[in-house]
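What follows is the residue order along each chain.
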Amino acid sequence: MILSTLAAATGDIGMAAGHIRYADLGIGPVALDLGFFQLKWYSLAYIAGILVGWWYLLKLLDQPGAPMARRHADDFVFYATLGIILGGRLGYAIFYAPEMFLDPVKILRLWDGGMSFHGGVIGTMIGIILLARKHGLNWLRVHDYVACCTPFGLFFGRLANFVNGELWGRPSDVPWAIVFPRTVAGGLDPARHPSQLYEAGLEGIVLFAVLWFLFWKTDARYQPGKLVGTFLLGYGLSRFFVEFWREPDAQLTEFAQTTGLHMGQWLTLPMLAGGIYLIATAKRRRVRVEPIAGTESVA
């Protein structure tokens, strides 16, 4: 009763302040509806992230000192797609919805939603290791190049979260707060932080800019682990920071209250530690890359 009253009061404040209503934006989860077939924005986000990331990876591989050839990049798309989908789905079941294992068929129902970025990262890492072992590549340097492309997928994915009206932020009265529907059971919906857009900006745009600078303006690509370490640290800090303005998953609200941190924040801690380690030790792994023709070393 008390919670419903507070939620209603917060909702009144949000709407009285003239906040934007999600319903008035004219957006929704479905991008194309043909009646017998629906194409959802979330699916398009995955496709766009993979295709744009692949295109950018080819641009990076055109530069001196690339750790693999273009043909390897074509194979990698297959490994990455499997890693993202399988790892993301299993990660969601393990970290956020373990009850799905009681009915394993639910894990296969990808159209019901539910993907974990951390699980997708693990899946992609396994894919990279398998690809590197198959072709005799330096797996850490391949990770560096792939890390530079990952912000595209993060950016499109967070935009899709916003369009879907999911993973919204905490109630707020800031001018840019948005009233998302069905966020409070049995009460008025309060205006909330559009935390999806915060993450799209930090994990997508800012992180891409940092990695772009390190790749194109420094010799970071000749220090195995530095770029992927920067990605892990940058993503970890961004996610940890934004979670303070993001509403925890409904099934993990008690967990967040008990531990003091959201599940997403706990999962970033190993990423932060790993990122710091890789950056700190990158120089000792510096490699000298010889050009295909001539005698002058590239690095």
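Here is what the cut-offs are and how they apply
Residues numbered from 1 in each chain as written. Predicted model: local features only at pLDDT ≥ 70, side-chain atom pairs only at ≥ 80, totals over all residues. Heavy atoms only, no water. Pairing = 2+ DSSP bridges. Helix = DSSP H or I, 4+ residues; strand = E, 2+ residues; numbered from the N terminus. Expected span 1.5 Å × (residues − 1). Buried < 20%, exposed > 50% of the residue type's maximum accessible area, 1.4 Å probe, protein only. Contact = heavy atoms within 4.5 Å. Disulfide = S-S within 2.5 Å. 1 Å grid on protein atoms, 1.4 Å probe; cavity = no way out; pocket = protein on both sides within 12 Å on 5 of 7 lines; lining within 4 Å. Points joined across faces, edges and corners; volume = space filled by probe spheres on them. Nonpolar A, V, L, I, M, F, W, Y, C, P; charged D, E, K, R; others polar. Core = buried A, V, L, I, M, F, W, Y, C linked by side-chain atoms within 4.5 Å.

Trainee: Can you lay out the sheet that holds strand 1 (residues 20-21) for me, pointing to particular residues and giving the numbers?
Mentor: Taking strand neighbours across the sheet as the criterion, the three strands line up as 1-4-5 in an open arrangement whose pairing is mixed. Strands at the two margins of the open sheet, each flanked by one partner only, are strand 1 and strand 5 (191-192). The pairing of strand 4 (residues 178-179) with strand 5 spans two bridges and is antiparallel. Bridge assignment links V179 to a residue of strand 5, and that residue is A191.

Trainee: Which residues make up helix 8 (residues 226-242), and what values go with them?
Mentor: Its 17 residues give helix 8 an end-to-end C-alpha distance of 24 Å, which sits within 8% of 24 Å, the value for a rise of 1.5 Å per residue. Of all the residues in helix 8, the buried ones are L227, V228, G229, T230, F231, L232, G234, Y235, G236, S238, R239 and V242. Residues of helix 8 that are buried in the fold lie against helix 5 (117-135), helix 6 (139-164), helix 7 (195-217) and helix 10 (263-280).

Trainee: Any chance you could break down the state of the cysteines for me, citing the residues and the numbers?
Mentor: Evaluated as defined, the whole model comprises zero disulfides. Of all cysteine sulfurs, the one in C148 lies closest to C149, which takes part in no disulfide; the gap is 6.4 Å. Exposure remark for C149: the relative accessible area of 7% places this residue in the buried category.

Trainee: I'd like a rundown of empty space enclosed by the protein, residues and numbers included.
Mentor: Here the idea is plain: a probe the size of a water molecule rolls over the atoms and shows the empty space left. Taken as a whole, this structure holds one cavity of 30 Å³ or more when the rule is applied. Within this model, the largest cavity holds a volume of roughly 70 Å³. Y96, R239, E243, R246, E247, P248, D249, L252, H262, M263 and G264 together form the lining of the largest cavity. For the lining of the largest cavity, the residue count by class is four nonpolar, two polar and five charged.

Trainee: Lay out the nonpolar core with the relevant residues and their values.
Mentor: If you look at the biggest cluster of nonpolar residues, it comprises 37 residues, and the most contacted ones within it are L57 and F231. Breaking this core down by element, the ones donating at least two residues are helix 2 (41-61), helix 3 (70-95), helix 5, helix 6, helix 7, helix 8 and helix 10. Core analysis: the next-biggest nonpolar cluster, separate from the first, contains nine residues, Y96, I107, L252 and L267 among them.

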